[in-house]
Amino acid sequence: MQVGPGAARYSTLSCSTPKPCVTSRWLRPLPTSSRASNRLRSSCIAGRVAPDDSAHLALCPRLIPYRFSEWHAVQIEAAKHCWHGAEATGTLSVNQKGSEDAREFFLLKNLLTCKEAESIADQSREFGIEYDPEPDSVDGCPAFHSLIVQHGQILNPALASLLKPILQTRILPYVKARFASPTITLCDAFIRRYQQHERLTISNHFDALAFATVVVDLNPQDHTGGLYVQAGAGAESRRFCEVTPGDAVVHQFDLQHGVHVYEGHRQSLVLWFCDSEQSCAEGSARWLLPASEGGNTDAQFNLAGLYDHGSGGFPQDLDEAIRWYQRSAEAGNPFSQNRLGTLHELGRGVEQDPCRAVHFWRLAAEQGNPQAQFALGEAWWACYGVHEQNQGLAIELFAAAAQQGHAGAQHALGEAYLEGAERLPSSQVHAEECFLAAAQQQHADAQFSLALCLRARAAIAGNADDANLDETAQQWLKRAAAQGHGGAIAALKQRQ
Ligand SMILES: O=C(O)CCC(=O)C(=O)O
Ligand SMILES: [Fe+2]
């Protein structure tokens, strides 16, 4: 069983992506100076779809802030300390099959002082703490987290002692009161690092094993983007939490969220609370049961995921998993619909059935789920579970998922641009943009394809501006090779 923060979250990507970018190697950051990288960044921010060959593709969702409207004063009294602050409540309305459900989350201003946030960040840098590259269960990419507390046990005494007074006098009393649960206890605490060539994103997911989560962005001044919340299946409903140093975002297991850093680097402190010491010790997410029985379709999806994988205190039981996925999918949950598609593709817990797989992917894709859009695009491309091949439809689906930042779809779209396909004139520029977007998310095939494009351009380039194309290509080959990409390893050997 996987342990640690990587194990506790379920997203459609963790459960179903056909090609997760899993690597067991820790890729150290390399310098970035390619022109293509700058070009992509500006296209991300512009957020446009290319109308012609000279324009840039929009290969990641736009940065739209969440607007908190209601603020009120809060006072936390504990251990002879009194903290006065302000809390805002955010509400996402989750629409499924006509019925509306609300998910709340909270922003606490200056829960930590700037100095406290800074010293946690400084400590973690000064101590040169190790960041674990173990694959993240959300997207299979290296996680780059460093544990402070795990399952209630202190692993980093220096950081834990910095955290302790803040936890005891402010955070713990607050979450106990906020969720009316006096037995709440801290179970896991860790720092995440986001930087170029490590990771800049975590796909949208739920913290299934945390009854409550508190996130503190330790250096909001050093980056754009960061933590976002999302109401719907598609990234157009994504909203970023604007914070200043010391602010905390607080949410529960049924809030869809993720991270996207557009520019700069980020460190975050993530705290996961369980409803009791017993749940923490047993690693049990028992709060999912009453929420699922009560009809919360995101809780049902998460509970199904725990039965699917045999974790979170639930035994592996594919019948139970399918039962909960189905209940949630029937109520319109796109995560469950997508997962059911993949289970029918794999014949896991159900009969293998390409047509049923396509049926479920279509339901999720129509709602905007990027994993399902990619899977359905591959189905149309390869004539899987559909009556005839349809490249045009496949490309539309790849583009829809690619614009939401799906690395597999970006790579597939890049290949289509390179070769040219039905309704898609070939374009080297767009192919490179697509490969770059996926390569930056550690997609090894895209890193390799990008390197080949750059090498090809270097071979015909004559001007000084393109002098370092070949060097940039080498760097991408090295990154792909570090992930075990056979083509990249062979290409590097040929050069030696
Ligand atoms: O780094 C963050 O802000 C949040 C990360 C997250 O969502 C997670 O680790 O589950
Ligand atoms: Fe999370």
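Summarised in this report is the structure supplied together with it. These figures come from a predicted structure and were not determined experimentally.

## Remarks on the nonpolar core
By size, the foremost hydrophobic cluster in this structure holds 65 residues, and its most contacted members are Ile120, Ile171, Val175, Leu269, Leu271 and Phe273. Counting residues domain by domain, this core receives three or more from each of domain 1 (42-60 + 286-495) and domain 2 (70-282). Core analysis: the next-biggest nonpolar cluster, separate from the first, contains 51 residues, Ala365, Leu424, Cys434 and Ala458 among them.

## With respect to the state of the cysteines
Counted under the stated rule, the structure contains 1 disulfide. Each sulfur of the disulfide joining Cys187 and Cys280 lies 2.2 Å from the other. Between Cys187 and Cys280, the S-S torsion sits near 90°, and that sign places the bridge as right-handed. Of this pair, Cys187 sits in strand β6 (residues 185-194) while Cys280 sits in helix α5 (residues 277-282), and the two are 93 residues apart along the sequence. This pair shows no difference in class: Cys187 is buried, exactly as Cys280 is.

## Some thoughts on the packing of aromatic side chains
Per the stated rule, a full pass over the model turns up 19 aromatic pairs. Both rings, one in Phe68 and one in Trp71, keep their centres 6.2 Å apart while their planes meet at 55°; by these two values the pair is tilted. The class for Phe68 is buried, based on a relative accessible area of 15%. Exposure remark for Trp71: the relative accessible area of 40% places this residue in the partly exposed category. Pairing Tyr307 with Phe314 gives two aromatic rings, centres 5.2 Å apart and planes at 65°, and the pair type is edge-to-face. According to the relative accessible area criterion, Tyr307 is buried, its value standing at 10%. Over the ring of Phe106 we find Arg178, and its NZ or CZ is 4.0 Å from the ring centre. Arg323 extends its terminal NZ or CZ atom over the ring of Trp324, reaching a point 5.0 Å from the ring centre.

## Focus: unusual backbone geometry
Even without being a glycine, His151 presents a positive backbone phi close to 50°. By relative accessible area, which is 36% here, His151 ends up partly exposed. The backbone of Gln442 sits at a positive phi, close to 70°, despite the residue not being glycine. Position of Gln442 among the secondary structure elements: in the loop between α14 (428-439) and α15 (444-460).

## Quick look at the coordination of the iron ion (ligand 2)
Angles between donor atoms at a metal ideally measure 109.5 degrees for a four-coordinate tetrahedral arrangement and either 90 or 180 degrees for a six-coordinate octahedral one. Around the iron ion (ligand 2), the protein contributes the donor atoms His205 (NE2), Asp207 (OD) and His257 (NE2), at 2.1 to 2.2 Å from the metal centre. Along the chain, the residues donating to the iron ion (ligand 2) fall in the pattern H-x1-D-x49-H. Classification of Asp207 by relative accessible area gives buried; the value is 3%.

## Quick look at the pattern of salt bridges
The full count for this structure, using the stated rule, is 17 salt bridges. Linking Glu116 and Arg170 is a salt bridge whose minimum nitrogen-to-oxygen distance equals 2.9 Å. Remark: Arg170 occurs in helix α4 (residues 157-178) and Glu116 occurs in helix α3 (residues 114-126); sequence separation between them is 54 residues. The pair formed by Glu116 and Arg170 is uniform in burial state, with each residue classed as buried. When the shortest N-O distance is used, the salt bridge between Asp308 and Arg348 registers 2.7 Å. Taken together, the positions of Asp308 in helix α7 (residues 297-309) and Arg348 in the loop between α9 (334-346) and α10 (354-366) put the pair 40 residues apart, joining distant regions of the chain. Look at Asp308 and you get buried, because its relative accessible area is 0%. Classification of Arg348 by relative accessible area gives partly exposed; the value is 25%.

## A word on the sheet that holds β6
Spatially, the 9 strands line up as an open sheet ordered β1-β2-β3-β11-β8-β13-β6-β4-β5, and their pairing is antiparallel. In this open sheet, the two edge strands, each paired with only one partner strand, are β1 (70-78) and β5 (153-154). Pairing of β1 with strand β2 (residues 81-96), which is carried by 9 bridges, proceeds in the antiparallel orientation. Residue pairing across strands places Glu70 opposite Thr89, the latter belonging to β2. α4 contacts β1, β2, β3 (99-108), β4 (145-150), β5, β6, β8 (212-217), β11 (248-252) and β13 (266-274) of the sheet and is inclined by roughly 55° relative to β13.

## Remarks on the environment of Phe398
Mapped onto the secondary structure, Phe398 falls in helix α12 (residues 391-403). When its relative accessible area of 4% is taken as the criterion, Phe398 is described as buried. Taking the C-alpha atoms as reference, Phe398 lies 6.9 Å from Ala412; in sequence the two are 14 residues apart.

## Comments concerning the packing of α9 against α10
Here α9 crosses α10 at 160°, and the two axes come no closer than 7 Å. Viewed along their axes, α9 and α10 adopt a mutual orientation that is roughly antiparallel. Between α9 and α10 the crossing geometry is left-handed. Seen from α9, the contacting residues are Pro334, Gln337, Asn338, Leu340, Gly341, Thr342, His344 and Glu345; seen from α10, they are Arg356, Ala357, Phe360, Trp361, Leu363 and Ala364.

## Observations concerning α4
The principal kink in α4, of about 60°, is found at Leu167. Along α4, the positions that sit buried rather than exposed are Leu159, Ala160, Leu163, Ile166, Leu167, Thr169, Arg170, Ile171, Leu172, Pro173, Tyr174 and Val175. Positive phi appears at Ala180, one or two residues downstream of α4, with a value of about 45°.

How each quantity is defined
- Residues numbered from 1 in each chain as written.
- Chains lettered and ligands numbered in written order.
- Predicted model: local features only at pLDDT ≥ 70, side-chain atom pairs only at ≥ 80, totals over all residues.
- Heavy atoms only, no water.
- Core = buried A, V, L, I, M, F, W, Y, C linked by side-chain atoms within 4.5 Å.
- Buried < 20%, exposed > 50% of the residue type's maximum accessible area, 1.4 Å probe, protein only.
- Domains from an automatic or database assignment.
- Disulfide = S-S within 2.5 Å.
- Helix = DSSP H or I, 4+ residues; strand = E, 2+ residues; numbered from the N terminus.
- Phe/Tyr/Trp six-rings, centres within 6.5 Å; stacked < 30°, edge-to-face > 60°.
- Lys NZ or Arg CZ within 6 Å of the ring centre and 35° of its normal.
- Donors = N, O, S within 2.8 Å, 3.2 Å for Na, K, Ca; no water.
- Salt bridge = Lys/Arg side-chain N within 4 Å of Asp/Glu carboxyl O.
- Pairing = 2+ DSSP bridges.
- Contact = heavy atoms within 4.5 Å.
- Axes fitted to C-alpha atoms, helices over the stretch in contact; angles between N-to-C directions.
- Parallel < 35°, antiparallel > 145°, perpendicular 65-115°, else oblique.
- Left-handed = near helix turned anticlockwise from the far one by under 90°.
- Bend = angle between axes of the 7 residues up to and from the residue.

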